[in-house]
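The residues making up each chain are set out below.
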Amino acid sequence: MTSQWQYQVRFDVNNSAMAESVRRKLRIPALAPLFDILARHRAAPKCQFDAFAEYVAAAEEHSVENYPLYSWTKATIENPAKKEKYLKSFTLYVDEREVYAKEIADALETDLQPLAASGLITRISKYDTNPANNPQPPQGPREH
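Parameters at a glance
Throughout this description, residue numbers start from 1 for each chain and increase along the sequence as written. Owing to the predicted nature of the model, reporting of local features is limited to residues with pLDDT of at least 70; listing and counting of side-chain atom pairs is limited to 80 or more, with chain, interface and lining totals taken over all residues. Think of the side-chain values as coming from all heavy atoms in the structure, minus any hydrogens and water. Should DSSP find at least two bridges between two strands, the strands are taken to pair. To qualify as a helix, a DSSP run of H or I must reach at least 4 residues; to qualify as a strand, a run of E must reach at least 2; elements of each kind are numbered from the N terminus. Here an axis means a line fitted to C-alpha atoms, over the contact stretch when the element is a helix, while the angle between two N-to-C directions is reported on a 0 to 180 degree scale. Note on classification: 1.4 Å probe, protein chains only; a residue is buried when its accessible area is under 20% of the maximum for its type, exposed when over 50%, partly exposed between these limits. Directions drawn from the helix axis to the C-beta atoms are what define this arc. Between two residues, a contact is recorded if the distance between any of their heavy atoms is within 4.5 Å. Only buried residues count toward a nonpolar core. Its members are Ala, Val, Leu, Ile, Met, Phe, Trp, Tyr and Cys residues joined through side-chain atoms within 4.5 Å. We call two N or O atoms a polar contact when they sit within 3.5 Å, provided that within protein one can donate a hydrogen and the other can accept it, with sequence-adjacent residues counted only if both atoms are side-chain atoms. For salt bridges, the criterion is a side-chain nitrogen of Lys or Arg within 4 Å of an Asp or Glu carboxyl oxygen.

*Asks:* So what exactly am I meant to see when it comes to the sheet that holds strand β4 (residues 121-128) here?
*Replies:* Strand pairing within a sheet occurs via backbone hydrogen bonds; the two strands may be parallel or antiparallel. The antiparallel open sheet is built from four strands, whose spatial order is β2-β3-β1-β4. Whereas interior strands pair on both sides, the edge strands pair on one side only; in this sheet they are β2 (43-47) and β4. Neighbour to neighbour, the strand axes of the sheet diverge by 30° on average, direction disregarded. Where strand β1 (residues 7-13) lies against β4, seven bridges are found, and the strand directions are antiparallel. Within β4, the position partnered with Gln 8 by the bridge is Tyr 127.

Here it is as structure tokens:
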């Protein structure tokens, strides 16, 4: 029986220089193991910061009222500490899809584990589309 939920794998890298190389898809020797794994799984990394910036740009182009996370996302990319964090964080798309079957996510996560053990990747996360397992969108920007 297949799960009714779809999954997504994300990872963080250990420093800004490595993150920039992943963002630009540079096959430097240190990243060869990562890109080899991703190629085997037909996966491509998408920088979380870039995804957030694209969301904000689309909202500003098409009417922010239709983008419920606009205020939160804009505040996030304008916060220097959060920008630094999300520039090192990547979502994996498989066959150009943002979410995919659990079996695909599990295999990808398993193959990435040695890179976490070696320190190239500092964190691997797997998320599912079950709303009960995911935080709900913020109601509005938080006051600081």
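Here the narrative resumes, following the displayed structure.
*Asks:* Whenever I open this one, unusual backbone geometry confuses me. Can you help?
*Replies:* Most peptide bonds adopt trans geometry, and most residues besides glycine take a negative phi value. With a phi close to 105°, Ser 63 is a non-glycine residue in the positive phi region. Within the secondary structure layout, Ser 63 lies in the loop between α3 (48-62) and α4 (70-78).

*Asks:* Please explain α4 as it appears in this structure.
*Replies:* Side chains of residues three or four places apart in an α-helix project in the same direction, reflecting 3.6 residues per turn. Here α4 has its buried residues at Tyr 70, Thr 73, Thr 76 and Ile 77. Buried positions in α4, seen along its axis, are confined to an arc of 130° and lie on one side of it.

*Asks:* How should I be thinking about the side chain of Thr 73 in this particular structure?
*Replies:* By the element assignment, Thr 73 lies in helix α4. What Thr 73 contacts, discounting residues up to four positions off in sequence, is Phe 52, Tyr 55 and Val 56.

*Asks:* Quick question: what am I supposed to make of the nonpolar core here?
*Replies:* Generally speaking, a soluble globular protein has its nonpolar side chains buried in company with each other. One finds Val 9, Phe 11, Leu 34, Leu 92, Leu 108 and Leu 112 to be the most contacted residues of the largest nonpolar core, which totals 33 residues. Those residues in contact with Leu 92 that sit more than four places away from it in its chain are Gln 8, Val 9, Phe 11, Leu 38, Ala 44, Pro 45, Arg 97, Glu 98, Tyr 100, Leu 108 and Leu 112.

*Asks:* Explain the pairing of β2 to me, please; I cannot follow it from the model alone.
*Replies:* In the case of a regular strand, side chains alternate between the two sheet surfaces. Residues Ala 43, Pro 45 and Cys 47 of β2 are buried on one face, while the alternating residues Ala 44 and Lys 46, pointing to the opposite face, are not. With five bridges joining them, β2 and strand β3 (residues 89-94) adopt antiparallel strand pairing. Among the inter-strand pairings, Lys 46 is bridged to a residue of β3, identified as Thr 91.

*Asks:* How should the environment of Gln 48 be read in this particular structure?
*Replies:* As for its position among the elements, Gln 48 is in helix α3. C-alpha separation for the pair Gln 48 and Leu 115, spaced 67 residues apart in sequence, amounts to 19 Å. Excluding its chain neighbours within four sequence positions, the residues that come into contact with Gln 48 are Arg 10, Tyr 86, Ser 89, Phe 90 and Thr 91. Among the polar contacts made by the side chain of Gln 48, one reaches the side chain of Thr 91 at a distance of 2.4 Å.

*Asks:* Please clarify how the pairing of β3 should be interpreted in this entry.
*Replies:* Most of β3 sits inside the fold, with five of its six residues counted as buried. Where β1 and β3 come together, four bridges link them in antiparallel fashion. Paired with Val 9 across the bridge in β3 is Leu 92.

*Asks:* Got a minute to help me understand the pattern of salt bridges in this structure?
*Replies:* Where side chains of opposite charge bring their charged atoms close, a pairing between them can arise. Overall, the coordinates contain 13 salt bridges when judged by the stated rule. Across the pair Lys 46 and Glu 54 runs a salt bridge whose closest N-O atoms are separated by 2.7 Å. Residue Glu 54 is classed as partly exposed on the basis of its relative accessible area of 45%. Each member of the salt-bridge network shares a partner with another, and the members are Lys 102, Asp 106, Glu 109 and Lys 126.

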